Amino acid sequence: MKKTTTPFYDILGISSAAICLVHCLIFPLLTILPLGISHNPFIDLTFALIGLIAILKIIKKSSLLVATTLILSISLIWISILSEMILDIHLDLIFIGGIGMIIGHLLNYKKHKHI
């Protein structure tokens, strides 16, 4: 019986995208409370860099569907983050990109698990 190993970059990508998505959904609620917390787009940039590293390692050996999903998703995330940092415009594309990243990594993880 062939032993399958957990693809490290899929787990990294799923974790990073899920934490980023939770951060993006919960953070606006925390800004309502008088805690003195303000949004820092560099946190989003950190998550995007981790996701980009994972994607660059994965797309070399993945299917066209997975590669396309991941590239489109990270593009939406980067567009959203850069528009906020440069133009001070918040776009909701980051949510769609985060969900797409999770889906892409899960598809790739499932594909490797069955091999």
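Residues numbered from 1 in each chain as written. Predicted model: local features only at pLDDT ≥ 70, side-chain atom pairs only at ≥ 80, totals over all residues. Heavy atoms only, no water.

The protein goes by MerC family mercury resistance protein in an unreviewed UniProt entry, where it is assigned to Flavobacterium lipolyticum.

Quick question: what am I supposed to make of the nonpolar core here?
Most often, soluble globular proteins keep nonpolar side chains buried together rather than apart. By size, the foremost hydrophobic cluster in this structure holds 18 residues, and its most contacted members are Leu70, Ile77, Ile81 and Met101. When contributions to this core are tallied by element, the ones reaching two or more residues are helix 1 (8-32), helix 2 (41-58), helix 3 (64-87) and helix 4 (93-113). The biggest single contributor to this core is helix 3, with six residues. Residues in contact with leucine 70, not counting those within four places in the same chain, are Ile55, Ile58, Ile59, Met101, Gly104 and His105. (Core = buried A, V, L, I, M, F, W, Y, C linked by side-chain atoms within 4.5 Å. Buried < 20%, exposed > 50% of the residue type's maximum accessible area, 1.4 Å probe, protein only. Helix = DSSP H or I, 4+ residues; strand = E, 2+ residues; numbered from the N terminus. Contact = heavy atoms within 4.5 Å.)

Looking at this structure, how should I read the environment of serine 16?
Inspection of the secondary structure assignment puts serine 16 in helix 1. Classification of serine 16 as buried rests on a relative accessible area of 8%.

What exactly am I supposed to notice about the side chain of serine 62 here?
Turning to its location among the elements, serine 62 is positioned in the loop between helix 2 and helix 3. On the basis of relative accessible area, serine 62 is assigned to the buried category, the value being 16%. When sequence neighbours within four positions are dropped, the list of residues in contact with serine 62 reads Ala67, Asn108 and Lys111.

Is there a simple way to explain the UniProt feature "transmembrane region" (unreviewed entry) in the protein in this structure?
Sites flagged by UniProt as "transmembrane region" (unreviewed entry) map to residues 12-36, 42-59, 64-83 and 89-109. Taken end to end, residues 64-83 has its terminal C-alpha atoms 28 Å apart, with 100% of it in helix and 0% in strand. For residues 89-109, helix accounts for 81% and strand for 0%, while the C-alpha atoms at its two ends are 34 Å apart. (UniProt positions renumbered as here; feature names shortened; annotations may be inferred.)

In this structure, what is going on with the side chain of serine 80? I would like to understand it.
Its location among the elements puts serine 80 in helix 3. Contact partners of serine 80, with chain neighbours within four places excluded, come to Ile89, Leu91, Leu93 and Ile94.

Hey, could you run me through the confidence of the model for the protein in this one?
The predicted coordinates ought not to be read in detail in places where the model reports low pLDDT. On average, the protein scores 79 in pLDDT, and the residues at 70 or more come to 82%. Mean pLDDT in the protein bottoms out at helix 1, which sits at 74, and peaks at helix 3, which reaches 92. For residues 1-6, every residue scores under 50 in pLDDT, and the model assigns this stretch six contacts once sequence neighbours within four places are set aside. (pLDDT = per-residue confidence, 0-100.)

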